[in-house]
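Notes for the structure review
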Amino acid sequence: MSVLVFADSTDGKFKKTALEVVSYGKKVAEQLGSNVVALTINAADVSELYKYGAEKVITVSNDSLKTFNAKSYASVVSEAAKAENATVVVVDSSIDGLYLAPIVAVSLDAGYASNVVAAPSSTAPFTVKRKAFSNKAFSNTVISTDVKIIGVAKNSFGVHENEVSGTSEEFSPTIAASGVKSEKVEKVTGQVTIADADIVVSAGRGLKGPENWGMIEELADVLGAATACSKPVSDLGWRPHGEHVGQTGKPVASNLYIAIGISGAIQHLAGINASKVKVVINTDPEAPFFKAADYGIVGDAFEVVPKLIEKLKAFKAS
Amino acid sequence: MKILVCISHVPDTTSKINFTDNDTKFDTNGVQFVINPYDEFSLTRAMWFKEKQGATVTVVNVGNATAEPTLRKALAIGADDAIRVNTEPTDGFLVAKELAAVVKNGGYDLVLAGRESIDYNGGMVPGMLASLTDFNFVNGCVGLEVDGENVSATREIDGGSETLSSSLPIVIAGQKGIVEESDLRIPNMRGIMMARKKPLQVVEATSTDANTTIQSFEKPAPKGAVKLVDADNIDELINLLHNEAKVI
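Residues numbered from 1 in each chain as written. Chains lettered and ligands numbered in written order. Predicted model: local features only at pLDDT ≥ 70, side-chain atom pairs only at ≥ 80, totals over all residues. Heavy atoms only, no water.

1. Quick notes on the sheet that holds strand β13 (residues 181-187) of chain A
Ordered by their spatial adjacency, 10 strands build an open sheet running β13(A)-β11(B)-β10(B)-β9(B)-β12(B)-β8(B)-β1(B)-β6(B)-β7(B)-β13(B), and the pairing between neighbours is mixed. Each edge of the sheet is formed by a strand with only one pairing partner; in this case those strands are β13 of chain A together with β13 (200-204) of chain B. With direction set aside, neighbouring strand axes in the sheet form an average angle of 30°. Sheet topology places β13 of chain A next to strand β11 (residues 160-167) of chain B; six bridges connect them, and they run antiparallel. (Pairing = 2+ DSSP bridges. Helix = DSSP H or I, 4+ residues; strand = E, 2+ residues; numbered from the N terminus. Axes fitted to C-alpha atoms, helices over the stretch in contact; angles between N-to-C directions.)

Below, the structure written as structure tokens:
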């Protein structure tokens with residue numbers, strides 16, 4: 001009996017979510033009186049995972065798994081779960097995590113709960129709290145199968161150091177061939193992506209036009225943040241669709257979300273509710289976003305943002 | 001091409017979310033139900049295939065009779081016929097299993113769904129359905145072309161997109177981008193009238209298997225009032241973000 005955690009990596013390096021799911025797996029293992037086994041695919045140095053509680057790391061090195069493929073990756077996770085006699089499998093709820101986990105669930109005949117925000121409240125029955133109704137509520141969900149799959153929501157459990165003296169061993173699974181083949185990957189390089197970002201700087205129609213986004217990008221640059229926008233802005237073609245945050249756009253679960261010139265339509269709020277701290281800058285004191293925000297400035301973005309950039313530069317330099 | 005579009009019957013985005021029966025049931029009182037927005041993108045793409053390339057479009061819902069107006073709306077948009085699997089959709093696995101039975105009986109080439117429903121947000125049904133039917137699968141699809149047996153699908157990835165090739169049959173979980181929001185259709189009067197005469201078949205569920213159950217719901221703790229900072233006092237905002245919120 002063990003808790004198997006899939007620690008995802010990019011170019012050999014672990015994603016922040018990998019450290020979060022290992023931290024989560026360690027907590028579940030403590031609750032069950034079990035141990036944590038982390039599964040890695042083409043990761044360069046696995047010792048970092050011991051710091052977060054992985055007692056055993058199984059490593060898969062295979063060129064056919066260099067790029068993510070849901071069916072092939074799912075077959076590796078499923079086979080590792082069987083080999084380790086795992087009763088709980090923990091993955092993240094990233095775009096790729098949500099792609100592979102349902103396939104693993106069918107393969108293992110396991111109950112699956114995605115977007116889980118806390119450690120199990122009970123292990124008998126096995127009960128987890130997950131997001132529902134587009135972040136407007138939570139559901140306490142009981143997983144009743146022998147094997148349980150948990151998809152942990154980003155930034156919900158956090159990364160917790162819990163050093164153990166772990167060991168690693170190689171694992172050579174049979175990799176399922178996929179009928180879906182990757183032909184082309186297009187990535188924006190040199191920018192923080194919304195999914196990875198701890199801070200997101202987002203702007204709306206209050207910016208008046210795409211030519212004014214320079215200060216938003218500069219603010220994001222100072223904070224090491226990703227840039228995002230409201231739906232009308234992407235619909236108008238001022239910013240790419242990939243930056244649209246909201247119910248039908250990208251969900252954001254950052255530690256800090258700064259909304260500039262965004263009124264706060266309910267669809268936008270549904271996409272950012274999971275962010276921890278929200279700051280709103282808007283000229284209209286009646287903008288609905290102020291009701292959802294932690295901190296606010298009633299003011300003109302064209303005056304406030306340059307001052308904020310200047311002050312943050314000074315703060316970072318001090 | 002035979003297309004099946006999976007339709008979830010969900011509360012409208014602007015609905016107030018409340019619970020009854022000791023927080024164990026969603027309170028539907030005063031709530032308007034609609035086609036799940038992600039499914040609507042996929043349905044619109046299916047209509048495009050029907051009109052431009054020739055296809056039949058069947059819509060399916062796993063749910064009770066209250067979902068029928070939502071299926072009728074999909075018929076009014078242009079789907080040819082509808083199937084309702086008569087059971088309470090309590091769990092994603094149960095829904096996927098019932099949809100798999102429909103897919104196996106219907107001989108569909110392309111199954112379109114939304115990437116998740118906006119009520120339970122599980123995001124698991126399309127992937128489970130693909131696995132149960134042994135169809136290929138693309139999740140989070142933002143672009144889709146079908147040329148004969150060949151499928152080209154683009155999916156969203158962190159920081160960009162990935163274009164994938166496959167053959168039919170395939171399950172596609174769509175989202176905004178598979179069509180644009182401006183392309184979504186509102187049923188016209190003629191469509192509504194025609195929808196009344198289109199077949200809506202009710203089939204009984206094959207099983208009651210569920211892997212998960214919802215024990216209770218809860219709402220987030222009430223949020224405190226916003227702390228307003230004077231526009232001339234940016235230092236105070238930085239101080240609050242650094243010392244109080246500890247996010248910079």
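2. Comments concerning empty space enclosed by the protein
One simple way to see leftover space: roll a probe sized like a water molecule over the atoms. According to the stated counting rule, one finds two cavities of 30 Å³ or more in the structure shown. Put simply, the largest cavity is a space of about 60 Å³. Residue lining of the largest cavity: F133, S134, K136 and Q247 of chain A together with P11, D12, T13, S15, I17 and I118 of chain B, and that is the complete set. Among the residues making up the lining of the largest cavity, the classes are represented as four nonpolar, four polar and two charged. Each pocket or cavity is described by its volume, and for the second largest cavity that value is around 40 Å³. Lining the second largest cavity are F6, D8, F68, V91, D92, D96, G97 and L100 of chain A. Looking at the lining of the second largest cavity, the elements with two or more residues in it are β6 (86-92) and α3 (95-108) of chain A. Broken down by element, the lining of the second largest cavity gets its largest block of residues, three residues, from α3 of chain A. Looking at the lining of the second largest cavity, its residues break down into four nonpolar, one polar and three charged. (1 Å grid on protein atoms, 1.4 Å probe; cavity = no way out; pocket = protein on both sides within 12 Å on 5 of 7 lines; lining within 4 Å. Points joined across faces, edges and corners; volume = space filled by probe spheres on them. Nonpolar A, V, L, I, M, F, W, Y, C, P; charged D, E, K, R; others polar.)

3. Re the pattern of salt bridges
Within the structure shown, the criterion is met by 30 salt bridges over all chains. With a closest N to O distance of 2.9 Å, K26 of chain A and E55 of chain A form a salt bridge. With K26 of chain A in helix α1 (residues 16-32) and E55 of chain A in the loop between β4 (35-41) and β5 (56-60), this residue pair connects regions lying 29 residues apart in the sequence. Owing to a relative accessible area of 26%, E55 of chain A belongs among the partly exposed residues under this scheme. The partner of D232 of chain B in a salt bridge is K307 of chain A, with the nearest N and O atoms 3.2 Å apart. In this pair, D232 of chain B is assigned in the loop between β15 (227-228) and α6 (234-244) and K307 of chain A in helix α8 (residues 301-317), connecting two distinct chains. On the basis of relative accessibility, which here comes to 66%, the residue D232 of chain B falls in the exposed class. Judged by its relative accessible area of 30%, K307 of chain A falls in the partly exposed class. Overlapping salt bridges bring together K231 and D235 of chain A together with K176 and E181 of chain B as one network. (Salt bridge = Lys/Arg side-chain N within 4 Å of Asp/Glu carboxyl O. Buried < 20%, exposed > 50% of the residue type's maximum accessible area, 1.4 Å probe, protein only.)

4. Notes on the packing of helix α3 (residues 92-106) of chain B against helix α4 (residues 125-133) of chain B
Residue and element names in this part refer to chain B. α4 packs onto α3 with a crossing angle of 45° between their chain directions and a minimal axis gap of 8 Å. Relative to α4, the element α3 is oriented oblique. For the pair α3 and α4, the sense of crossing is right-handed. Touching G92, F93, V95, A96, K97, L99, A100, V103 and K104 of α3 are V125, M128, L129, L132 and T133, all from α4. Residues that form the contact of α3 with α4 fall into these classes: 10 nonpolar, two polar and two charged. (Parallel < 35°, antiparallel > 145°, perpendicular 65-115°, else oblique. Left-handed = near helix turned anticlockwise from the far one by under 90°. Contact = heavy atoms within 4.5 Å.)

5. Points about the interface of chain B and chain A
The interface is formed by 74 residues belonging to chain B together with 81 residues belonging to chain A. Between chain B and chain A lies a buried interface of about 6600 Å² when both sides are counted; carbon and sulfur atoms form 57% of it. At the boundary of chain B and chain A, one finds eight salt bridges. A salt bridge links E181 of chain B to K231 of chain A, with the nearest nitrogen and oxygen atoms 3.8 Å apart. Linking chain B with chain A are 38 residue pairs in polar contact (both at pLDDT 80 or more). (Buried area = accessible area lost by both parts, 1.4 Å probe. Polar contact = N/O pair within 3.5 Å; in protein donor to acceptor, adjacent residues only side chain to side chain.)

6. A closer look at the sheet that holds strand β15 (residues 226-229) of chain A
Spatially, the six strands line up as an open sheet ordered β15(A)-β14(A)-β16(A)-β17(A)-β18(A)-β15(B), and their pairing is parallel. Edge positions in the open sheet fall to β15 of chain A together with β15 of chain B, since each of these has one partner strand only. Here strand β17 (residues 277-282) of chain A runs beside strand β18 (residues 295-298) of chain A; their pairing, made up of four bridges, is parallel. Directly across from N282 of chain A, in β18 of chain A, lies its bridge partner V298 of chain A. Relative to strand β14 (residues 199-203) of chain A, helix α4 (residues 214-223) of chain A is tilted by about 170°, and along the sheet it contacts β14, β15 and β16 (256-260) of chain A. The strands touched by α8 of chain A within the sheet are β16, β17 and β18 of chain A, with β17 of chain A carrying the most contacts at an inclination of about 130°.

7. Here we look at the UniProt feature "domain: Electron transfer flavoprotein alpha/beta-subunit N-terminal" (unreviewed entry) in chain A
As recorded in UniProt, the sites labelled "domain: Electron transfer flavoprotein alpha/beta-subunit N-terminal" (unreviewed entry) are residues 3-188 of chain A. End C-alpha to end C-alpha, residues 3-188 of chain A measures 35 Å, and it is 24% helix and 35% strand. (UniProt positions renumbered as here; feature names shortened; annotations may be inferred.)

8. Remarks on the UniProt feature "binding site: FAD" (unreviewed entry) in chain A
Residue and element names in this part refer to chain A. Those places that UniProt annotates as "binding site: FAD" (unreviewed entry) correspond, in this numbering, to R205, G261, I262, S263, G264, A265, I266, Q267, H268 and N282. Inspection of the secondary structure puts S263 in the loop between β16 and α6 (266-272). Within the secondary structure layout, N282 lies in strand β17. Exposure remark for N282: the relative accessible area of 9% places this residue in the buried category. Filtering out sequence-adjacent residues up to four positions away, N282 remains in contact with G261, I262, S263, A287, F290, I297, V298 and G299. From its side chain, N282 meets the backbone nitrogen of D284 in a polar contact 3.0 Å long.

9. Let's talk about the side chain of S275 of chain A
Looking at where S275 of chain A falls in the secondary structure, it is placed in the loop between α6 and β17. Other than its neighbours up to four places away in sequence, S275 of chain A contacts V252, A253, S254 and Y257 of chain A.

10. Notes on the pairing of strand β7 (residues 111-116) of chain A
Residues and elements named next belong to chain A. The buried count for β7 comes to six of six residues, which makes it a mostly enclosed element. Of the strand pairs in this sheet, β7 and strand β11 (residues 148-152) are connected by four bridges, and their pairing is parallel. What sits directly across from A113, in β11, is I150.

11. Focus: the packing of helix α2 (residues 70-83) of chain A against α3 of chain A
Residue and element names in this part refer to chain A. Two elements in contact, α2 and α3, have axes separated by 8 Å at closest approach and are oriented at 45°. The orientation of α2 with respect to α3, classified from their angle, is oblique. Our pair here, α2 against α3, has a crossing hand that is right-handed. On α3, the residues that touch A70, K71, Y73, A74, V77, S78, A81 and K82 of α2 are Y99, L100, I103, V104, S107 and L108.

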